[in-house]
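# Breakdown of the fold
Residue-level listing of the chains:
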Amino acid sequence: TYAERIAAIATMGARADPSRSRAKIISDANVHAWAFHNEQDDTVPSSLSILYIQYLNEYSPGLGRLTLFQDTDHNCWKKGYLPEYKEEGLNVYEWMLQFER
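Residues numbered from 1 in each chain as written. Predicted model: local features only at pLDDT ≥ 70, side-chain atom pairs only at ≥ 80, totals over all residues. Heavy atoms only, no water.

The subject of this paragraph is the environment of Asp73. Mapped onto the elements, Asp73 comes out in the loop between strand S3 (64-69) and helix H3 (77-80). For the pair Asp73 and Trp95, spaced 22 residues apart in sequence, the C-alpha separation works out to 25 Å. Setting aside residues up to four positions removed in sequence, Asp73 forms contacts with Asn38, Asp41, Asp42 and Lys78. A polar contact is formed between the side chain of Asp73 and the side chain of Lys78, at a distance of 3.2 Å. (Helix = DSSP H or I, 4+ residues; strand = E, 2+ residues; numbered from the N terminus. Contact = heavy atoms within 4.5 Å. Polar contact = N/O pair within 3.5 Å; in protein donor to acceptor, adjacent residues only side chain to side chain.)

Structure follows, in structure tokens:
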């Protein structure tokens with residue numbers, strides 16, 4: 001509904017049913033997405049994040065990125081939100097600040 005109002009999203013162990021139609025909306029609005037999930041999440045299957053990013057990248061290659069931690073609990077944000085945790089030299093906050101509307 002509000003995809004055209006935001007520039008980027010970061011999800012942490014999100015419980016959202018993967019949908020190509022919703023991924024298309026995100027893609028059309030050029031919303032960058034970084035999904036974090038624990039690979040063996042005991043609450044929400046990591047396959048949900050995997051599929052969502054896969055669908056998004058089918059429409060816009062490189063728009064979505066995925067980080068899978070090797071933990072078994074649901075709390076992936078304990079690592080994902082740490083300023084010290086970086087990928088390609090950026091933490092989640094620095095990554096989000098690259099984008100604007």
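Next up on the list: a nonpolar patch on the surface. A cluster of nonpolar side chains, contributed by Trp77, Tyr81 and Tyr93, occupies part of the molecular surface with about 300 Å² of accessible area. In this structure, Tyr81 sits in the loop between H3 and helix H4 (92-96). Since its relative accessible area comes to 37%, Tyr81 is described here as partly exposed. (Patch = residues over 30% accessible without salt bridge, like charges linked within 9 Å, V, L, I, M, F, W, Y side chains within 5 Å. Areas by Shrake-Rupley, 256 points an atom, 1.4 Å probe, with all protein chains shown as cover. Salt bridge = Lys/Arg side-chain N within 4 Å of Asp/Glu carboxyl O. Buried < 20%, exposed > 50% of the residue type's maximum accessible area, 1.4 Å probe, protein only.)

Pairing between the strands of a sheet is mediated by backbone hydrogen bonds and can be parallel or antiparallel. One open sheet holds the three strands; their spatial order is S1-S2-S3, and the pairing between them is parallel. What marks the edges here is a single partner per strand, and that holds for strand S1 (8-12) and S3. Ignoring strand direction, the axes of neighbouring strands in this sheet form an average angle of 10°. In this fold helix H2 (residues 46-59) packs onto strand S2 (32-38) and S3, with an angle of close to 160° to the strand it touches most, S3. (Pairing = 2+ DSSP bridges. Axes fitted to C-alpha atoms, helices over the stretch in contact; angles between N-to-C directions.)

Our next topic: the packing of aromatic side chains. In this description, an aromatic ring pair is defined by two values, namely the gap between the centres and the angle between the planes. Scanning all chains against the criterion turns up six aromatic pairs. Taking the centre distance of 6.2 Å and the plane angle of 20° together, the rings of Phe36 and Phe69 count as stacked. Placement of the pair is Phe36 in strand S2 and Phe69 in strand S3, with a sequence separation of 33 residues. The burial state of Phe36 is the same as that of Phe69; both residues are buried. Above the plane of the ring of Trp34 lies Arg65, whose end atom (NZ or CZ) is 4.1 Å from the centre. (Phe/Tyr/Trp six-rings, centres within 6.5 Å; stacked < 30°, edge-to-face > 60°. Lys NZ or Arg CZ within 6 Å of the ring centre and 35° of its normal.)

It is worth spelling out the pairing of S3 at this point. A regular strand carries its side chains on alternate faces of the sheet. Sheet analysis places S2 next to S3, joined by six bridges and oriented parallel. Each residue of the ladder has a partner; that of Asn38, found in S3, is Phe69. Handedness of the S2-H2-S3 crossover: right-handed. (Right-handed = clockwise from strand over helix to strand, strands pointing away.)

Purely spatial values, then, with no claim about function.
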